[in-house]
Amino acid sequence: MILETQGLTKTFGKLAAVNNISFGVDEGEIFGIAGPNGAGKSTLFNMVAGFYPPTSGKVFFRQEDITHLSADKTCRKGIARTFQIPSTFHTLDVYDNIRIGATFGRMAGDHRKIDDWIDEIIDFLGLDDKKHHSSVNLDLYSTKVVLLAAALATDCRLLMLDEPMAGFTMAEIESYLSLVRKIRKEMNITVIIIEHLLDILIDVSDRMMIINNGELLYLGDPEKVTEDRRVVEVYLGGKDYKGGHNV
Amino acid sequence: MKKLNLTRNTVILAVVLLLIVLYPLLGAKPYHLHLFILFFIWAMVASSWNLLNGISGINSLGNIGFMAIGGYGSAILAKTFGLSTLITIPLGGIIAMVLVTLFLGLPTLRLKGVYIALLTLIFADTLPTLLTQTRAVTGGAVGLHEIPPFFAGAGKIHNYYICLAAFLVMLYVIHRLIKSNTGLAFVALRDSENLATSLGVSRFRERLKVFAISALLSGLAGGFYVHSLGDISPTTLAIEPFLMGIAMMELGGIGTLFGPVLGAAIIVFGSEFLRLADVLRMTILGGLICVTILFFPGGLMQAFRKLGNLMDRRGKRKRGESVQAKVQSAD
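Parameters at a glance
Residues numbered from 1 in each chain as written. Chains lettered and ligands numbered in written order. Predicted model: local features only at pLDDT ≥ 70, side-chain atom pairs only at ≥ 80, totals over all residues. Helix = DSSP H or I, 4+ residues; strand = E, 2+ residues; numbered from the N terminus. Rg over C-alpha atoms; globule rule 2.2 N^0.38 Å. Buried ≥ 20, exposed ≤ 12 C-beta atoms within 10 Å, placed from the backbone. Pairing = 2+ DSSP bridges. Axes fitted to C-alpha atoms, helices over the stretch in contact; angles between N-to-C directions. Contact = placed C-beta atoms within 7 Å. Expected span 1.5 Å × (residues − 1). Core = buried A, V, L, I, M, F, W, Y, C linked by C-beta atoms within 7 Å. Domains from an automatic or database assignment. Parallel < 35°, antiparallel > 145°, perpendicular 65-115°, else oblique. Nonpolar A, V, L, I, M, F, W, Y, C, P; charged D, E, K, R; others polar. Left-handed = near helix turned anticlockwise from the far one by under 90°.

**Considerations on the overall build of chain B**
Argument step 1. Each helix and strand in chain B was counted, giving 14 helices and zero strands.
Argument step 2. Put simply, chain B runs from its N terminus to its C terminus through helices and strands in the order α-α-α-α-α-α-α-α-α-α-α-α-α-α.
Argument step 3. Against the 2.2 N^0.38 benchmark of 20 Å for 331 residues, chain B shows a C-alpha radius of gyration of 22 Å, consistent with a compact globule.
Argument step 4. Principal-axis analysis of the C-alpha atoms gives chain B an extent of 90 × 60 × 40 Å.
Argument step 5. A burial count over chain B gives 43% of its 331 residues as buried.

**Concerning the sheet that holds strand E9 (residues 207-212) of chain A**
Residues and elements named next belong to chain A.
Argument step 1. Strands sit in the order E6-E7-E8-E3-E9-E10 across an open sheet of six strands; the sheet is mixed. On the outer flanks of this sheet lie strand E6 (79-81) and strand E10 (215-220), each paired with one strand and no other. For this sheet, the mean angle separating the axes of adjacent strands, direction not counted, is 15°.
Argument step 2. As defined by bridge partners, E6 adjoins strand E7 (residues 158-162) across three bridges and the pair is classed as parallel. Across the sheet, Arg81 pairs through a bridge with Met160, a residue of E7.
Argument step 3. Along the sheet, helix H1 (residues 41-48) makes contact with strand E3 (30-34), E6, E7, strand E8 (190-194) and E9, crossing E7 at roughly 150°.

**Looking at helix H2 (residues 30-55) of chain B**
Residues and elements named next belong to chain B.
Argument step 1. Taking 1.5 Å as the rise per residue, H2 with 26 residues should run 38 Å; its terminal C-alpha atoms sit 36 Å apart, in good agreement.
Argument step 2. Buried residues dominate H2, accounting for 20 of its 26 residues.
Argument step 3. Positioned one or two residues after H2, Gly57 has a phi angle of 65°, which is positive.

**What about the sheet that holds strand E5 (residues 64-65) of chain A?**
Residue and element names in this part refer to chain A.
Argument step 1. Pairing is antiparallel across the open sheet formed by four strands, whose spatial order is E2-E1-E4-E5. Bordering the open sheet on either side are strand E2 (15-25) and E5, each of which pairs with just one other strand.
Argument step 2. Pairing analysis gives five bridges linking strand E1 (residues 3-12) to strand E4 (residues 56-61), with the strands arranged antiparallel. Paired with Thr9 across the two strands is Ser56, which belongs to E4.

**Some details on the environment of B:Leu102**
Argument step 1. For B:Leu102, the location among the structural elements is in helix H4 (residues 85-105).
Argument step 2. For B:Leu102, a count of 13 C-beta atoms within 10 Å gives the class partly exposed.

**Re the nonpolar core**
Argument step 1. Membership of the largest hydrophobic core comes to 156 residues, with the highest contact counts inside it found for A:Ala149, A:Leu159, B:Phe40, B:Ile41, B:Trp42, B:Met44 and B:Ala264.
Argument step 2. Considering every element that reaches this core, the biggest residue donor is H2(B), with 15 residues.
Argument step 3. Composition of this core by domain shows at least three residues from each of domain 1 (27-237) and domain 2 (239-314) of chain B.
Argument step 4. Those residues in contact with A:Ala149 that sit more than four places away from it in its chain are A:Ile98, A:Ile121, A:Ile122, A:Leu125 and A:Leu127.

**Quick word on the packing of helix H8 (residues 181-191) of chain B against helix H10 (residues 203-229) of chain B**
Residues and elements named next belong to chain B.
Argument step 1. Where H8 meets H10, the axes come as close as 10 Å, and the angle between the chain directions of the two elements is 110°. The orientation of H8 relative to H10 falls into the category roughly perpendicular. Residues Thr182, Ala185, Phe186 and Leu189 of H8 form the contact with H10, whose own contacting residues are Arg203, Glu206, Lys209 and Val210.
Argument step 2. Across the contact of H8 with H10, the residue classes break down as four nonpolar, one polar and three charged.

**Some details on the interface of chain A and chain B**
Argument step 1. Counting from both sides, the interface comprises 22 residues of chain A and, opposite them, 17 residues of chain B.
Argument step 2. Listed by contribution, the elements that provide at least two residues to the side of chain A that touches chain B are helix H2 (71-77) and helix H3 (94-104) of chain A.
Argument step 3. Sort the elements by how many residues they give to the side of chain A that touches chain B and H3(A) lands first, with six residues.
Argument step 4. Along the lines of polarity and charge, the residues of the side of chain A that touches chain B split into 10 nonpolar, seven polar and five charged.

**Let's talk about the pairing of E10(A)**
Residue and element names in this part refer to chain A.
Argument step 1. Bridge count for E9 against E10 is five bridges, and the pairing is antiparallel. By the bridge assignment for E10, Met209 is matched with Leu219.
Argument step 2. In this antiparallel pair of consecutive strands, E9 and E10, the connection spans two residues, and Asn213 shows a positive phi of 50°.

**Overview of the environment of B:Pro30**
Argument step 1. One can find B:Pro30 in helix H2.
Argument step 2. Once the C-alpha coordinates of B:Pro30 and B:Ile157 are considered, the two residues, 127 residues apart in sequence, prove to be 8.0 Å apart.

**Quick word on the domain arrangement of chain B**
Residue and element names in this part refer to chain B.
Argument step 1. When the domains of chain B are assigned, the result is domain 1 (27-237) and domain 2 (239-314).
Argument step 2. Tallying the contact residues gives 20 residues for domain 1 and 16 residues for domain 2.
Argument step 3. Looking at the side of domain 1 that touches domain 2, the elements that each hand over two or more residues are H2, helix H3 (63-81) and helix H7 (156-179).
Argument step 4. At 13 residues, H2 tops the list of elements feeding residues into the side of domain 1 that touches domain 2.
Argument step 5. For the side of domain 1 that touches domain 2, the class distribution of residues is 13 nonpolar, seven polar and no charged.

**A word on the packing of H4(B) against H10(B)**
Two measures define how a pair of helices packs: the angle their axes make with one another and the distance between the axes.
Residues and elements named next belong to chain B.
Argument step 1. Packing of H4 against H10 leaves a shortest axis separation of 7 Å and a crossing angle of 145°. The two elements H4 and H10 meet at a crossing, and its hand is right-handed.
Argument step 2. Looking at the contact of H4 with H10, its residues break down into 14 nonpolar, 11 polar and one charged.

As structure tokens, this is what we get:
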């Protein structure tokens, strides 16, 4: 198991945004997380990635307790993440955006290799033609690929994507998903992905987890998620879920 | 196109630099040398200030204080202990660096935006009180006078070249710093702190680094200030120099390498020139700053860049037209 949480809890005042969630992610899998708005998905990400200290509970990465590590240290352990709101380093070009991940991530200090490594990432994600573009005027899809590149440039072992496909067209979703699969297959990186569109998540995930009101609702086989009565009732908002993707 | 622009800028820079180097030899008046010395010192202060406010996006209002610490430190060491300025100026800078890192760098780790501005302002604002309370060492409200020059018998012309050299070295150091990985980290944290930390940039380390470097450089500028002018008093920390420093960055172009230098030149020479306007001096300067910020939020550097682009485009169009004309005549 590459990542494991034990009873992870985060309370803001009286509100338990995440309540006692324990789950594990196996090395090399694509792990999907779904849940309604405000379910606590992003809060969970923020705790794992070191952005919020948990109120209680523990996080283990490759059997090592990383619960209280800061975000930058967590990154240097090998966990990279993206954010729901896609914003780049707006004064820098695409190359320098990626250079930050390469320079300060796990490759930090290995100056000779960094240039080759950045080129490798750019090549891998097909960003060659945008290399020296300013990172502000990119379209949404390219922006997200640049952010993905910066995260990969940290040389992570676990990649956490927070609703990466929000706002995409179906065609863009397809090509982004093929990138995600390629990253897992060719770079052998474990991926956790938060996504609203359940069909897509079922399609791409090896296993998935559904949370609601900060609590774990379902953990397991994506194929069986729509058969789970609690999921259908709470998450899909009715007993007669007939398919279709928008939830 | 870009290459052309670069060489043009390089030529302009080289000519300006050559003129500055030759200026004292062409029989400049001592008063004009004095103005240039002020410009070199202010350019150092504004450039080191720009590391915090421009490059790192940390709103410091305390850099005149950092400069004063360096200046007082060096002056006291030279005057009271009779040490060489070769030692006292670096020591003054180091004292400023240590105090600022401890009392501002560390506490601001928990702060953001305007609260950092407040804390740094308070820091600089307590200095005059501290200085008047420690009269035996600092000379109190009167300040320190007859501070030893850079070396025995150093005149205006020596001061000119010493400050020019210090300014050029400092500008080069800042240039290298901005281009380095450290500069990249400063910019990354400025543009998006969350994204930067998620990619492994340490907010803790970089914040301390930028405060330390900015304070060191401002403190060094303070050392050059006291040994070329010969005195320093708490009035250095009054509101006017403080506003001047901020105006230099904003007017010239905050966050750019040459912006603060340009701003320093305009403010130092401009405000001397405007002495003719007497009471209207500050009003005119203030108006100038307002106009610049309104039309060129990136300062004069932005205005120049726009001008450069315009010229490039025009040149290109002309060339394009002549090519077209040739094609037509060939037909």
